[in-house]
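Residue-level structure breakdown
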Amino acid sequence: MTNRVRIATKDAQEILLSSGEWAAIVMAAENAGLPAELRGLCINVRDTVRQSLVIRMDDPVIAARIEGALGALVGVGLLSEATRDALLALAEPSAAPIDPPRVRLNRGHPVLNGAMVVLNTGEYRLDEAVECARADAPDQSYCAFLCSTIVGES
């Protein structure tokens, strides 16, 4: 098994929605007349995609469970092999490292509670911009940083 990476659930959801197969999984999760094992599987898939931020495909135990779940969904006809393969492909590491985007970091705006203003300005790689925000306000979260700055790709 190759080293896998975490999957952003928004990416998995996009594939499921665009394939048209998401609705069948959700309807099966809500169908009390289905066998408990199949319904439970669909509930797990639905709730994972709706409530998680990432799917931990970097954990071999979780990866095996996900592969098994996707295989079972293919077996009962709720998921096509193409969709399963597209979902699993999300967990494959990129062939080449991706250079983080460069952003223009402008003077920030206070968050609603007025707790943070980013003072650093200039052009940074995105990861560097986060470090600048942490330097200005180390007690604020990355989310607060995003909410308090004007950032654009350059």
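All figures in this text were calculated on a predicted structure; none of them were measured in a lab.

Our focus in this paragraph is the overall build of the chain. Counting secondary structure elements, the chain contains seven helices and five strands. Going from N to C terminus, the chain has its helices and strands arranged as β-α-α-α-β-α-α-β-β-α-α-β. Expressed as a percentage of the 154 residues in the chain, the buried residues total 31%. Counted over contacts in the chain with a minimum sequence separation of 6, partners at least 24 positions apart contribute 61%.

All buried positions along helix 2 (residues 22-29) are accounted for by Trp22, Ile25, Val26, Ala28 and Ala29. In an axial view of helix 2, the angular spread of the buried residues amounts to 160 degrees, which keeps them on one side of the axis. Tucked into the core, helix 2 has its buried residues touching helix 1 (9-19), helix 3 (36-51) and helix 4 (60-75).

For the rest of this paragraph, the subject is the packing of helix 3 against helix 4. Between two packed helices, the angle of one axis relative to the other and the distance separating the axes together describe the packing. Their axes nearest at 11 Å, the elements helix 3 and helix 4 cross at an angle of 125 degrees. As judged from the angle between their axes, helix 3 and helix 4 are oblique. Judged by the sense of rotation from one axis to the other, the crossing of helix 3 with helix 4 is left-handed. For the pair helix 3 and helix 4, the contacting residues are Leu41, Cys42 and Val45 in the first and Ala69, Ala72 and Leu73 in the second.

Turning to the side chain of threonine 9, a few remarks are in order. Positionally, threonine 9 belongs in helix 1. Overall, threonine 9 belongs to the buried group, its relative accessible area being 5%.

Once that is clear, we can look at the side chain of arginine 46. Turning to its location among the elements, arginine 46 is positioned in helix 3. Judged by relative accessible area, arginine 46 falls into the buried class, the value being 12%.

A few words now on the pattern of salt bridges. Using the criterion set out here, one finds eight salt bridges in the structure. Notably, a salt bridge pairs glutamate 67 with arginine 4, separated by 2.3 Å at the nearest N-O pair. Placement of the pair is glutamate 67 in helix 4 and arginine 4 in the segment before strand 1 (7-8), with a sequence separation of 63 residues. Judged by relative accessible area, glutamate 67 falls into the partly exposed class, the value being 29%. It is possible to trace a salt-bridge network through shared partners that takes in Arg4, Glu67 and Glu92.

Rules and cut-offs
Residues numbered from 1 in each chain as written. Predicted model: local features only at pLDDT ≥ 70, side-chain atom pairs only at ≥ 80, totals over all residues. Heavy atoms only, no water. Helix = DSSP H or I, 4+ residues; strand = E, 2+ residues; numbered from the N terminus. Buried < 20%, exposed > 50% of the residue type's maximum accessible area, 1.4 Å probe, protein only. Contact = heavy atoms within 4.5 Å. Arc of directions from axis to C-beta. Axes fitted to C-alpha atoms, helices over the stretch in contact; angles between N-to-C directions. Parallel < 35°, antiparallel > 145°, perpendicular 65-115°, else oblique. Left-handed = near helix turned anticlockwise from the far one by under 90°. Salt bridge = Lys/Arg side-chain N within 4 Å of Asp/Glu carboxyl O.

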